[in-house]
Amino acid sequence: MRVRDVTDYMKGVAATPEPRRGSDSPRLDEAEFKRRFRSQYQDDGYASLETELDRITHAAWDAYLHERKSPKTRKAGPGYADPDYDLAVDWIAAKDAIDAAQARHDDPDGPLRILLINGSSRSEHTFPGELSKSWRLVQLAREIAEDAGHKVEFLDLSRLASEYGRHIHPCKACFSTAAALCHWPCSCYPNYSLGQTQDMMNDIYPLWVEAHGVMIVTPVNWYSPTSPLKLMIDRLVCADGGNPDPSLTHGKEAKEAKREELKGWDYPSHLKGRLFSVVVHGDVEGAENVRRGLTDWMRFMHMESAGTEAELDRYIGYWKPYATSHDELDRDTAVQEEVRNAARTLCEALSAQRAGRLHQSGQSLKEPRPK
C-alpha cells in the first residue's frame, strides 16, 4: 500500500488544523424557503391540492430546519472502522452496486466491457430540436465494439437536459479539505433536507467500475468540456483517492478527515488500469485543448490510453454555418472512419490487455508523492 510520507510536514504542525470557516451562511428563513419550495408547483393541475401542498411544504420546511440530510440509516456493521456508525441506506446501496460492478470487471470469464459516453447535452427531445453530432459518432463506435463481441453500455449525458428526474449535482470539493473526507462512492448526495435528490452519479459509478474500456465522444463548449461532462468528471474525483469507509471520518467531520490524511493517506486508485479513448470535435477552436484535458485527467486516475489512434481531436464544418453541421459530418467520411479506428484501437488494446500482451512500463514503480 502506498502511504504518503508526511514526517517532514508534521514536524511543523503542532496539531490537526482546524477547518477554516467564516463565509456567509446560505440558510433561508421560513418564508423564502416555502416560496422556493412551492415555486415548482405552478401547473394548474395542482390548484385543487392547496391543502395537501401546505402540509407537504410544512414537512419539507421541518426537514430543512433540522438538516435531515439522510433520514434513513443503518449501522455500518463489521468491516468498517466504526461498526456502530449510522450509514445512509442510499450510500450502502451505492456501495453494493459498485462492489457488484467490480466483481463483473474482475471476472476473467466475463465479456470485455466498454462504456461509451456521449458528452453533448443537445438532442431533438429538447428545444434544440436536433440530435448531436456526438450522438451520431458514438453510434459508429458502438457498431465497432459490438461487432468485436464486447459488452457495450451507452451513457447519454444529453438525458440531463431531456429526461425527468435526471441530475448530476455539483461536486462540493470535499477532497480539497482532506482526501479522507471524499467518500467512495460520493456521500454528499442525496441531501433530502436541501432537495438535492435524483442524483445520477450512483447510476454512473458502476458503469465506470465494471468497464474495461471507456470511450468519451464530446463536442467543445466555449473552449471547455460540456456542462454535463464536466459535472460527471468532478463527481468522479472520489474514484481517485476517495475514502471507501465513511465511518472512518464519522461522515463529514472535516477535522477527523484532516487527521486521517495527515496520518498518511494511500490514495486508492479505484479505476486503475482501465483503458480509454477520447474523441473531441469542434467547429472553430478548442478541440485539442479539451482532448488533452480529458486524456490528462484519465491518466491522472491511472487509467491507460488505448493508443495514439484512440485519441482524436477534429473539426467538423470548420467555420461553416451551424445550420449545416450535420451535412458537413455526412460529407466528412474521413472523420467518421477515424472515429471507427479509435474504437477499433480500444477494442484491440482490450483484447491485448486480457491476453497479457499489453505492457505499460513503470506500473510497478512506487510514486514518491502520490495524490
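Summary of the structure given here. Here the structure is a predicted model, which means the values were calculated and not measured.

1. Observations regarding the overall build of the protein chain
A count of helices and strands for the protein chain gives 12 helices and 8 strands. Taking 21 Å as the expected radius of gyration for a compact globule of 371 residues, we find that the protein chain reaches 23 Å, a close match to that expectation. Sorting the 371 residues of the protein chain into buried and exposed places 45% on the buried side. Here the analysis covers contacts within the protein chain between residues at least 6 apart in sequence; of these, 77% occur between residues at least 24 apart. Accessible surface computed for the protein chain: about 19,900 Å², of which carbon and sulfur atoms make up 49%. Side chains of the protein chain carry 49 positive and 58 negative charges; the gap between the two charge centres is 4 Å.

2. A few points about the pattern of salt bridges
Under the definition given, this model contains 28 salt bridges. Salt-bridge contacts for Glu 32 lead to Arg 36; the nearest nitrogen and oxygen are separated by 2.7 Å. Placement of the pair is Glu 32 and Arg 36 together in helix α2 (residues 30-38), with a separation of 4 residues, close to one helical turn. Between Asp 313 and Arg 291 there is a salt bridge, with its nearest N and O atoms 2.8 Å apart. Highlighted residues: Asp 313 in strand β8 (residues 311-315) and Arg 291 in helix α10 (residues 287-300), separated in sequence by 22 residues. Here Asp 313 and Arg 291 have matching classes, each one buried. Shared partners join several salt bridges into a network, and the residues in it are Arg 159, Glu 163, Arg 166 and Asp 203.

3. Topic: the packing of aromatic side chains
Evaluation of the coordinates by the stated rule reveals 12 aromatic pairs. Ring geometry for Trp 184 versus Tyr 205: centroids 5.4 Å apart, planes at 70°, classification edge-to-face. Taken together, the residues Trp 184 in the loop between α6 (159-162) and α7 (201-210) and Tyr 205 in helix α7 connect sequence positions 21 residues apart. Accessibility classification places Trp 184 together with Tyr 205 in one group, the buried group. Counting every residue linked through ring pairs, the aromatic cluster contains Phe 33, Phe 37, Tyr 41, Tyr 46, Trp 61 and Tyr 64.

4. Some points on the side chain of Asn 191
In this structure, Asn 191 sits in the loop between α6 and α7. We classify Asn 191 as buried; its relative accessible area is 7%. In this structure the side chain of Asn 191 is engaged in a polar contact, spanning 3.2 Å, whose partner is the backbone nitrogen of Leu 194. Asn 191 has contacts with Lys 69, Lys 172, Gln 196 and Thr 197, leaving out every residue within four places of it along the chain.

5. Details of unusual backbone geometry
With an omega of 0°, the peptide bond running from Trp 184 to Pro 185 counts as cis. Looking at where Pro 185 falls in the secondary structure, it is placed in the loop between α6 and α7. Of note, the amide linkage connecting Tyr 189 to Pro 190 takes the cis form, showing an omega dihedral of 0°. Summarising the element assignment, Pro 190 is placed in the loop between α6 and α7. A positive phi angle, close to 70°, is found at Tyr 223, a residue other than glycine. Structurally, the position occupied by Tyr 223 is in the loop between β5 (213-219) and α8 (227-235). The phi dihedral of His 250 is positive, around 50°, even though this residue is not glycine.

6. Focus: the nonpolar core
Formed by 50 residues in total, the largest nonpolar core has its most connected members in Trp 208 and Met 232. Taken together, the elements giving at least two residues each to this core come down to α4 (89-106), β3 (113-118), α7, β5, α8, α9 (254-264), β6 (275-282) and α10. Considering each element in turn, this core owes the most residues, 6 residues, to α7. Setting aside residues up to four positions removed in sequence, Met 232 forms contacts with Ile 117, Leu 155, Leu 157, Ile 168, Met 201, Ile 204 and Trp 208. One finds Leu 112, Ala 141, Leu 312 and Leu 329 within the second-largest nonpolar core, a separate group that totals 27 residues.

7. What about the environment of Arg 113?
Inspection of the secondary structure puts Arg 113 in strand β3. Classification of Arg 113 as buried rests on a relative accessible area of 14%. As a C-alpha pair, Arg 113 and Ala 60 span 53 residues in sequence and 42 Å in three-dimensional space. Once residues within four sequence positions are removed from consideration, Arg 113 is found in contact with Arg 104, Lys 151, Glu 210, Ala 211, His 212 and Gly 213.

8. Some points on the packing of α2 against helix α3 (residues 50-65)
Between α2 and α3, the shortest axis-to-axis distance is 10 Å and the interhelical angle comes to 125°. Judged by the angle between their axes, α2 and α3 are oblique. The element α2 and its partner α3 pack so that their crossing is right-handed. For the pair α2 and α3, the contacting residues are Glu 30, Phe 33, Lys 34, Phe 37 and Arg 38 in the first and Glu 50, Leu 53, Asp 54, Ile 56, Thr 57, His 58, Ala 60, Trp 61 and Tyr 64 in the second. Looking at the contact of α2 with α3 residue by residue, the classes come out as 7 nonpolar, 2 polar and 5 charged.

About the cut-offs
Residues numbered from 1 in each chain as written. Predicted model: local features only at pLDDT ≥ 70, side-chain atom pairs only at ≥ 80, totals over all residues. Heavy atoms only, no water. Helix = DSSP H or I, 4+ residues; strand = E, 2+ residues; numbered from the N terminus. Rg over C-alpha atoms; globule rule 2.2 N^0.38 Å. Buried < 20%, exposed > 50% of the residue type's maximum accessible area, 1.4 Å probe, protein only. Contact = heavy atoms within 4.5 Å. Areas by Shrake-Rupley, 256 points an atom, 1.4 Å probe, with all protein chains shown as cover. Lys, Arg positive; Asp, Glu negative; His and termini not counted. Charge placed at Lys NZ, Arg CZ, Asp CG, Glu CD. Salt bridge = Lys/Arg side-chain N within 4 Å of Asp/Glu carboxyl O. Phe/Tyr/Trp six-rings, centres within 6.5 Å; stacked < 30°, edge-to-face > 60°. Polar contact = N/O pair within 3.5 Å; in protein donor to acceptor, adjacent residues only side chain to side chain. Core = buried A, V, L, I, M, F, W, Y, C linked by side-chain atoms within 4.5 Å. Axes fitted to C-alpha atoms, helices over the stretch in contact; angles between N-to-C directions. Parallel < 35°, antiparallel > 145°, perpendicular 65-115°, else oblique. Left-handed = near helix turned anticlockwise from the far one by under 90°. Nonpolar A, V, L, I, M, F, W, Y, C, P; charged D, E, K, R; others polar.

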